[in-house]
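Results of the structural survey
So the chains spell out like this:
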Amino acid sequence: MKNQIIILFILILTSCSSPKQASICESSFNSSSLFQNEGIIPIELIREGSITRIWIERSSSMNQILTIAQDTSGIYAEFVEVGFHYKRDKKIAYFSKTEICPINGWNDFFIELDSINLKSLVSRKNDPSTDGIIMHHPMSRYLVEIKNEFEIKKFEFYSFYPSQNFPEDMKKYSELEKLILTSFKPLVESLKFSQDCYKNLGPFKY
């Protein structure tokens, strides 16, 4: 009788428990399989929706690519790391792709992104004579690609990541870098690691 009461109690608790929540990164985007089952597709060849892709190059053997796809069915975003690892003088190819979502949700992310107005930005390359350089420190480069229907825009800019010192005329680029690096968990982790490696460049703004 005692065992029956215990079993009944467990069944009641189970029936009253809240339903399992779906992953916040579970995509409703109709063409998400196009990304999930393929490599990195050029945005020119992606017919569906609007695409924002950001290539991050850190003067290292590993590059990072953030892709955000939108259409009337939903949103899909993925983070890719591609390049090489070196182990015992051996060069090993590496590729990793993960579906991701902003830490604070898509609504807040797009509000900040819209305030930057990517379409108004043009390429901003480093001019050492006016912008300066940081000796013995790699320079980062960002390539931003935007596709909306049949219109495609591309621009690039630089930073001294993880240092967040920008020239006066690069306020919007600074805001964009901050948004990219602090909105998605893999990039937040990379930022913290880099800041730890270059402590002498701090204090950091983000």
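If you're wondering where the values come from, they're calculated on a predicted model, not measured in any experiment.

1. A look at helix α6 (residues 185-197)
- Look at α6: 19 Å from first C-alpha to last across 13 residues, which is about the 18 Å you get at 1.5 Å a residue.
- Within the span of α6, buried status applies to Leu 187, Val 188, Ser 190, Leu 191, Ser 194 and Gln 195. Relative to the axis of α6, the buried residues are bounded by an arc of 160° and lie together on one face. The outward face of α6, more than 90 degrees from its buried face, is lined by the exposed residues Lys 185, Lys 192 and Phe 193.
- The inward-facing, buried residues of α6 contact β1 (50-57), β2 (62-71), β3 (74-87) and α5 (171-183).

2. A look at the side chain of Asn 126
- Turning to its location among the elements, Asn 126 is positioned in the loop between α3 (106-116) and α4 (128-131).
- Among the polar contacts listed, one links the side chain of Asn 126 to the backbone oxygen of Gly 132, at a separation of 3.2 Å.

3. What about the sheet that holds strand β4 (residues 90-99)?
- With antiparallel pairing, six strands are arranged side by side in an open sheet as β4-β3-β2-β1-β5-β6. Every other strand in the sheet has two partners, leaving β4 and β6 (151-159) as the edge strands with one partner each. Between one strand axis and the next, the sheet turns through 10° on average, direction left out of account.
- Pairing analysis gives 10 bridges linking β2 to β3, with the strands arranged antiparallel. Bridge assignment links Ile 68 to a residue of β3, and that residue is Ala 77.
- Sheet contacts for α3: β2 and β3; angle to β2, the most-contacted strand, approximately 100°.
- Packed on one face of the sheet, α5 meets β1, β2, β5 (140-148) and β6 and runs near 95° to β6.

4. Focus on the confidence of the model for the protein chain
- Predicted confidence across the protein chain gives a mean pLDDT of 83, with 84% of residues reaching 70 or more.
- At the low end of the mean pLDDT range in the protein chain sits helix α1 (residues 2-16), at 39; at the high end sits α5, at 97.
- Note on residues 1-23: pLDDT is under 50 here. Beyond four places in sequence and across chains, it has zero contacts.

5. Let's talk about the packing of aromatic side chains
- Counted according to the given criterion, the structure contains nine aromatic pairs.
- Aromatic pair Tyr 158 and Phe 160: ring centres 5.6 Å apart, planes at 75°, arrangement edge-to-face.
- Given a relative accessible area of 2%, Tyr 158 falls into the buried group.
- Chaining the aromatic ring pairs together yields one cluster made of Trp 106, Phe 109, Phe 110 and Phe 184.
- Lying over the aromatic face of Tyr 161, Arg 58 brings its terminal NZ or CZ to 3.4 Å of the ring centre.
- Cation over ring: Lys 91 sits above Phe 84, and NZ or CZ is 4.2 Å from the ring centre.

6. Let's talk about the environment of Pro 186
- Note that Pro 186 resides in helix α6.
- Separated by 86 residues in sequence, Pro 186 and Ile 100 place their C-alpha atoms 8.7 Å apart.
- Not counting residues within four places of it along the chain, the set of residues in contact with Pro 186 comprises Phe 79 and Ile 100.

Rules behind the numbers
Residues numbered from 1 in each chain as written. Predicted model: local features only at pLDDT ≥ 70, side-chain atom pairs only at ≥ 80, totals over all residues. Heavy atoms only, no water. Helix = DSSP H or I, 4+ residues; strand = E, 2+ residues; numbered from the N terminus. Expected span 1.5 Å × (residues − 1). Buried < 20%, exposed > 50% of the residue type's maximum accessible area, 1.4 Å probe, protein only. Arc of directions from axis to C-beta. Contact = heavy atoms within 4.5 Å. Polar contact = N/O pair within 3.5 Å; in protein donor to acceptor, adjacent residues only side chain to side chain. Pairing = 2+ DSSP bridges. Axes fitted to C-alpha atoms, helices over the stretch in contact; angles between N-to-C directions. pLDDT = per-residue confidence, 0-100. Phe/Tyr/Trp six-rings, centres within 6.5 Å; stacked < 30°, edge-to-face > 60°. Lys NZ or Arg CZ within 6 Å of the ring centre and 35° of its normal.

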